[in-house]
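These are the residues of each chain, in order.
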Amino acid sequence: MQGNEIAEILGRPISQEMLARDLARLAYVARDGTPRTIPIGFSWNGSTLVLCTPPNAPKVPALRANPAVALTIDTESHPPKILLIRGRAELDPVDGIPDEFLEANTTYDMTAEQRIEWEAEVRSLYRDGMVRIVVTPTWAKLIDFETTLPVAVEELVRQREAGQRD
């Protein structure tokens, strides 16, 4: 997939809505060779997705060994909106708490007091730093079930339409 195609898909209003959310599902290959999918907070900066994790998380050595990842960001309403992204993870260990980690958690329903307590807990827990997982999209697909469909469903629609013409 070409960069301009990826940019066009990610620039669509529905994609932008999806990229403004703060929870995705990250798929990667674990060190034992089996697939993993985990929910994880993320931040979109206009060109990359940034996810943050503790340096001792099992995904860190797994992503060092195999940086290929896939992310799904979706809604719970009908019809669902689904943004699928593939890319390569680059690991960036940092001291302290990355700004993206705090940004990725801004839509959670918390009072001002709860937010202060949460941030203090985060700063206490991750005092040895975190790892930024930076994913540059190499492929993207938006499925909204109104203007775009999964490939298999598109195929069934074409078959149905061809059958109706015969």
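The sections below set out a description of the structure shown in this document. Note that the coordinates shown come from a computational prediction; the quantities given were computed from them, not determined experimentally. (Residues numbered from 1 in each chain as written. Predicted model: local features only at pLDDT ≥ 70, side-chain atom pairs only at ≥ 80, totals over all residues. Heavy atoms only, no water.)

1. Some words on helix α1 (residues 3-11)
Logical step 1: When α1 is considered as a whole, its buried residues turn out to be Ile 6, Ile 9 and Leu 10. Down the axis of α1, the buried set is contained in an arc of 95°. They therefore lie on one face.
Logical step 2: Where the residues of α1 are buried, they touch α2 (13-19), β3 (43-44), β6 (82-94) and β7 (130-143). (Buried < 20%, exposed > 50% of the residue type's maximum accessible area, 1.4 Å probe, protein only. Helix = DSSP H or I, 4+ residues; strand = E, 2+ residues; numbered from the N terminus. Arc of directions from axis to C-beta. Contact = heavy atoms within 4.5 Å.)

2. Focus on the packing of aromatic side chains
Logical step 1: This model, assessed by the stated rule, comprises two aromatic pairs.
Logical step 2: Between the aromatic rings of Phe 101 and Trp 118, the centroid separation amounts to 6.0 Å while the plane-to-plane angle is 20°, which identifies the pairing as stacked. Taken as a pair, Phe 101 in helix α4 (residues 99-103) and Trp 118 in helix α5 (residues 112-125) lie far apart in primary sequence, 17 residues in all.
Logical step 3: With centroids separated by 5.8 Å and ring planes inclined at 75°, the aromatic side chains of Phe 101 and Tyr 126 adopt a geometry described as edge-to-face. (Phe/Tyr/Trp six-rings, centres within 6.5 Å; stacked < 30°, edge-to-face > 60°.)

3. Points about the sheet that holds β3
Logical step 1: Here seven strands make up an open sheet; going across it, the order is β2-β1-β5-β6-β7-β4-β3 and the pairing antiparallel. Bordering the open sheet on either side are β2 (35-41) and β3, each of which pairs with just one other strand.
Logical step 2: Sheet topology places strand β1 (residues 23-29) next to strand β5 (residues 68-74); three bridges connect them, and they run antiparallel. Note on β5: the bridge partner recorded for Leu 26 is Leu 71.
Logical step 3: Each of β3, β6 and β7 is contacted by α1, which is oriented at about 90° to β7, the strand it contacts most. (Pairing = 2+ DSSP bridges. Axes fitted to C-alpha atoms, helices over the stretch in contact; angles between N-to-C directions.)

Function cannot be read off these values alone, since they describe shape.
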